[in-house]
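Architecture at a glance
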Amino acid sequence: MPPRRQPTARQARLGIELRKLREAAGLEATEAASLLGVNSVQMSQIESGIAGVSEERLRRLAAHYSCSDEELISSLVKMATDRTHGWWEEHRGHLPTPFLDLAELEHHATFLREVQFLYIPGPLQTENYARAVFS
């Protein structure tokens, strides 16, 4: 399969997590590549989200990285193998990738946390003005 031109946020996140696991195991990218039987360029592409990774290879990497967290491994496998084609896919090529990533993230979201900031006009931010207003 040819490398992707621009990975989605999910694919990039998968690569970041794989790199973190490799670094935590104290392995170089060339060592990890030899475990999979690929060259270092392909390993770099996997860790940057440009190239995909199969469930079998991902589980093999996790085993070599001494990762025993089955929940994490299952989540990574789901990230690697999820082929959800939502409504946003028909707009691929017409909209920038970050917009499509946002639509996919919203689709998979389980909750929404909202933060609101109160804007205080500049004159109210001085102590003397506030004293004059409240007196």
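Rules used throughout
- Residues numbered from 1 in each chain as written.
- Predicted model: local features only at pLDDT ≥ 70, side-chain atom pairs only at ≥ 80, totals over all residues.
- Heavy atoms only, no water.
- Helix = DSSP H or I, 4+ residues; strand = E, 2+ residues; numbered from the N terminus.
- Rg over C-alpha atoms; globule rule 2.2 N^0.38 Å.
- Contact = heavy atoms within 4.5 Å.
- Areas by Shrake-Rupley, 256 points an atom, 1.4 Å probe, with all protein chains shown as cover.
- Polar contact = N/O pair within 3.5 Å; in protein donor to acceptor, adjacent residues only side chain to side chain.
- Axes fitted to C-alpha atoms, helices over the stretch in contact; angles between N-to-C directions.
- Parallel < 35°, antiparallel > 145°, perpendicular 65-115°, else oblique.
- Nonpolar A, V, L, I, M, F, W, Y, C, P; charged D, E, K, R; others polar.
- Core = buried A, V, L, I, M, F, W, Y, C linked by side-chain atoms within 4.5 Å.
- Buried < 20%, exposed > 50% of the residue type's maximum accessible area, 1.4 Å probe, protein only.
- Arc of directions from axis to C-beta.

1. Some words on the overall build of the protein chain
Per the secondary structure count, the protein chain includes seven helices and zero strands. In sequence order, the secondary structure elements of the protein chain are arranged as α-α-α-α-α-α-α. For a compact globule of 135 residues, the expected C-alpha radius of gyration is about 14 Å, and the protein chain comes in at 22 Å, more than 25% above that figure. Taking the principal axes of its C-alpha atoms as reference, the protein chain extends roughly 75 × 40 × 25 Å. Taking the contacts inside the protein chain whose residues are at least 6 apart along the sequence as the reference set, 58% of them involve residues at least 24 apart. Taken as a whole, the protein chain presents about 9800 Å² of accessible surface, with 55% of it coming from carbon and sulfur.

2. Side note on the side chain of arginine 22
Looking at the element boundaries, arginine 22 is found in helix 1 (residues 9–24). A distance of 3.0 Å separates a polar atom in the side chain of arginine 22 from the backbone oxygen of leucine 27.

3. Observations regarding the packing of helix 2 (residues 29–36) against helix 3 (residues 40–47)
Contact geometry of helix 2 with helix 3 gives a least axis separation of 8 Å together with a crossing angle of 100°. Taken together, helix 2 and helix 3 sit at an angle that is classed as roughly perpendicular. Only Ser40, Met43 and Ile46 of helix 3 make contact with helix 2, whose side of the interface consists of Ala29, Thr30, Ala32, Ala33 and Leu36. Per-class residue counts for the contact of helix 2 with helix 3 are six nonpolar, two polar and no charged.

4. With respect to the nonpolar core
Buried together is how nonpolar side chains tend to be arranged in soluble globular proteins. One finds Leu14, Leu18, Met43, Val53 and Leu58 to be the most contacted residues of the largest nonpolar core, which totals 19 residues. For this core, the secondary structure elements donating two or more residues are helix 1, helix 2, helix 3, helix 4 (55–64) and helix 5 (70–81).

5. Thoughts on helix 3
Buried within helix 3 we find Met43, Ile46 and Glu47. Within helix 3, the buried residues cover an arc of 95° as seen down the axis, which keeps them to one side. Those residues of helix 3 that are buried lie in contact with helix 1, helix 2 and helix 4. Capping the start of helix 3, asparagine 39 holds a side-chain oxygen 3.1 Å from the backbone nitrogen of valine 41, two or three residues further along. Immediately downstream of helix 3, the backbone of glycine 49 shows phi near 85°, a positive value.

6. With respect to unusual backbone geometry
The residue serine 66 is not glycine, and still its phi comes out positive at about 60°. Mapped onto the fold, serine 66 is located in the loop between helix 4 and helix 5.

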